[in-house]
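# Examining the three-dimensional arrangement
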Amino acid sequence: MSRFRQEMDIVPRPAFAIGVCAWLVFFLLMMLLPFRVDPVGREWPLAGKLALSVLPGIPIYILVLLIGYVHADAKRRGMRYVMWTLLAIFIPNAIGVILYFVLREPLLV
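Calculation rules
Residues numbered from 1 in each chain as written. Predicted model: local features only at pLDDT ≥ 70, side-chain atom pairs only at ≥ 80, totals over all residues. Heavy atoms only, no water. Helix = DSSP H or I, 4+ residues; strand = E, 2+ residues; numbered from the N terminus. Rg over C-alpha atoms; globule rule 2.2 N^0.38 Å. Buried < 20%, exposed > 50% of the residue type's maximum accessible area, 1.4 Å probe, protein only. Contact = heavy atoms within 4.5 Å. Areas by Shrake-Rupley, 256 points an atom, 1.4 Å probe, with all protein chains shown as cover. Lys, Arg positive; Asp, Glu negative; His and termini not counted. Charge placed at Lys NZ, Arg CZ, Asp CG, Glu CD. Patch = residues over 30% accessible without salt bridge, like charges linked within 9 Å, V, L, I, M, F, W, Y side chains within 5 Å. Salt bridge = Lys/Arg side-chain N within 4 Å of Asp/Glu carboxyl O.

### Some details on the overall build of the protein chain
From N to C terminus, the protein chain includes six helices and zero strands. When the helices and strands of the protein chain are read in sequence order from the N terminus, they spell out α-α-α-α-α-α. Taken over C-alpha atoms, the radius of gyration comes to 18 Å for the protein chain, far larger than the 13 Å a tight globule of 109 residues would show. Projected onto its principal axes, the C-alpha coordinates of the protein chain cover approximately 60 × 30 × 20 Å. Per-residue burial over the protein chain gives 26% buried out of 109 residues. Long-range contacts, defined here as pairs at least 24 residues apart, represent 56% of the contacts in the protein chain between residues at least 6 apart. In the form shown here, the protein chain has an accessible surface area of approximately 7,500 Å², with 74% of it arising from carbon and sulfur atoms. For the protein chain, the separation between the mean place of its 11 positive charges and that of its 6 negative charges on side chains is 5 Å.

### Some points on a nonpolar patch on the surface
Residues L24, V25, L28, L29, L32 and L33 make up a contiguous nonpolar surface patch of about 520 Å² in total accessible area. Classification of L33 by relative accessible area gives partly exposed; the value is 49%.

### What to know about the pattern of salt bridges
Evaluation of the coordinates by the stated rule reveals six salt bridges. D73 is the partner of R76 in a salt bridge, and the nearest nitrogen-oxygen pair spans 2.4 Å. Remark: D73 and R76 occur in helix α4 (residues 57-76); sequence separation between them is three residues, near one turn of the helix. Residue R76 is classed as partly exposed on the basis of its relative accessible area, which comes to 31%. A salt bridge links D73 to R104; its shortest N-O distance comes to 3.1 Å. Taken as a pair, D73 in helix α4 and R104 in the segment after α6 (95-103) lie far apart in primary sequence, 31 residues in all.

Listed below in structure tokens is the structure:
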């Protein structure tokens, strides 16, 4: 088993479900709203509509998985996992996640 796979197994299953739900909501909003309201958007080809709807939701999905990873990894390392999870959520532009990776404690063996 690769190191990446071992680390991905740490992410809780509800984080995957929340990430998929967030992506799906973003996809539906992007698919329905801009192309129904904008007359120029109605003329776009289907591939363009799908690309504009699918691709922007992927960073949201990744951010939700990162927050789930921060929660599980901080708990595994014996850190204040609730505090780090809240910091990862509420500090904008994923700076909270970056701070976690910079300031996390070594893994207890």
